Amino acid sequence: MTRTTYSPAVRLREVSKTYGAGAGQVTALDHVSFDFAPHRFTAVMGPSGSGKSSLLHCAAGLDRPTSGSVSIDGTDLGELDETALTKFRRERVGFVFQALNLLPTLTIEQNVTLPGDLAGRRRKHRAAEQLLARLGLGDRIGRRPDQLSGGQQQRVAIARALLADPAVIFADEPTGALDVRAAAKVMLLLRDSVSNSGQTVVLVTHDPVAAYADEVVFVADGTIVDTMDRPDAGRVAARLADLRPRAGVR
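Each residue is numbered by its place in its chain's sequence as written, counting from 1. Restriction of local features to residues with pLDDT of at least 70 applies here, the model being predicted, together with a cutoff of 80 or more for giving and counting side-chain atom pairs; totals for whole chains, interfaces and linings are based on all residues. Note that the side-chain values use all heavy atoms of the structure and ignore hydrogens as well as water.

The protein appears in an unreviewed UniProt entry as ABC transporter ATP-binding protein from Amycolatopsis acidicola.

In structure tokens, the structure reads:
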């Protein structure tokens, strides 16, 4: 399943992740090797308990694998200490999660520019205004998160991820708390970031998002069991129906 004809955006080699010890030990990932292609929208799908969130967290550098290696944009994350890893994530990785982590006391614009401000990049406020306008939030930059709908807040989180021009945007169930219409808008924004801005998006979801992804990676029992290029909703639903969850793995 590994591609070698290009420089991957994210490369996993024999990645395993276990939690606990002894009789209570759970294997979340079991020797996973995979290359996530650059400038593509890849959806990672599988039943609850399949290990897809553990895969994303290890791939994004949010969690250290028990064994194996992970690299992003050619940088081996295992060679970075915690300080360097935090800096790398801040500068080269974007995150969009269901838990938005927007600061309630800051305006929308301040939330979007905060990571850059903390990193000493204080000249992106004009770019933030332009990006928010493109996402339909130009008239709301002075508002606070509680003055926006859930879908609008998620667009703010996407703007925050996009502003730093990251090597990869990782998204973990970003539409889980949204209604169907708001979820579709969020997915279209992520699709647009790939098609028109050349971003790389790796999305973990349980929803059929085949209409938006270039590729679907199917995870079950802590391993990658299948991939699907140019997916459609019917084929994705049929493949997911064949997969069975395993208790204790997220």
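Let's talk about the packing of aromatic side chains
Applied cut-off: Note on aromatic contacts: the rings of Phe and Tyr and the six-membered ring of Trp form a pair at centre separations within 6.5 Å, being stacked when their planes are under 30 degrees apart, edge-to-face when over 60 apart, and tilted otherwise. Relative accessibility thresholds used throughout: buried, under 20% of the residue-type maximum; exposed, over 50%; partly exposed, between the two (1.4 Å probe, protein chains only).
In this structure the tally under the stated criterion is 3 aromatic pairs. Judged by centre distance (4.9 Å) and plane angle (70°), the ring pair of phenylalanine 34 and phenylalanine 36 falls under edge-to-face. Like phenylalanine 34, the residue phenylalanine 36 is buried in the burial classification. Considering the side-chain rings of phenylalanine 95 and phenylalanine 97, the 5.7 Å spacing of their centres and the 35° angle between planes classify their relative orientation as tilted. Three or more aromatic residues link up through ring pairs in this structure, and these residues are Phe95, Phe97 and Phe170.

Brief notes about the pairing of strand β3 (residues 41-45)
Spelled out, the test is: Per the convention used, a helix needs a DSSP run of H or I reaching at least four residues, while a strand needs a run of E reaching at least two, with both numbered from the N terminus. Paired strands, in this sense, are two strands between which DSSP finds at least two bridges.
In terms of burial, β3 is a largely internal element, 5 of the 5 residues being buried. Alternating residues of β3 divide into Phe41, Ala43 and Met45 and Thr42 and Val44, and every residue in both groups is buried. Note: β3 against strand β8 (residues 201-205), 5 bridges, orientation parallel. In the strand pairing of β8, valine 44 is matched with valine 204. In this structure, β3 lies alongside strand β9 (residues 215-220), joined through 4 bridges in parallel fashion.

Overview of the environment of tyrosine 212
Filter applied, for reference: We call two residues in contact when some of their heavy atoms are within 4.5 Å.
Along the chain, tyrosine 212 falls in the loop between β8 and β9. With relative accessibility at 17%, the residue tyrosine 212 sits in the buried group. C-alpha of tyrosine 212 to C-alpha of methionine 45: the two residues are 167 residues apart in sequence and 13 Å apart in space. Once residues lying within four places of it in the same chain are set aside, the contact partners of tyrosine 212 are Phe41, Ala184, Met187, Leu188 and Arg191.

Topic: the pairing of β8
Defined as follows: For the handedness criterion, the strands are oriented away from the viewer, and a crossover whose path from the first strand over the helix to the second runs clockwise is classed as right-handed.
Counting buried positions along β8 yields 5 of 5 residues, so the element is predominantly enclosed. Going residue by residue along β8, you find Val201, Leu203 and Thr205 tucked away on one face and Val202 and Val204 tucked away on the opposite face as well. Relative to β8, strand β7 (residues 168-172) runs parallel, the two sharing 4 bridges. Residue aspartate 172 lies in a different strand from β8, and its bridge partner there is valine 204. Regarding the hand of the β-α-β motif, the stretch spanning β7, helix α6 (residues 180-195) and β8 is right-handed.

Thoughts on the sheet that holds strand β1 (residues 10-19)
Taking strand neighbours across the sheet as the criterion, the 4 strands line up as β2-β1-β4-β5 in an open arrangement whose pairing is antiparallel. Of all strands in the sheet, those with a lone pairing partner are β2 (26-36) and β5 (75-76), marking the two edges. Here 7 bridges tie β1 to β2, and the two strands are oriented antiparallel to one another. Looking across to β2, one finds that arginine 11 is bridged to aspartate 35.

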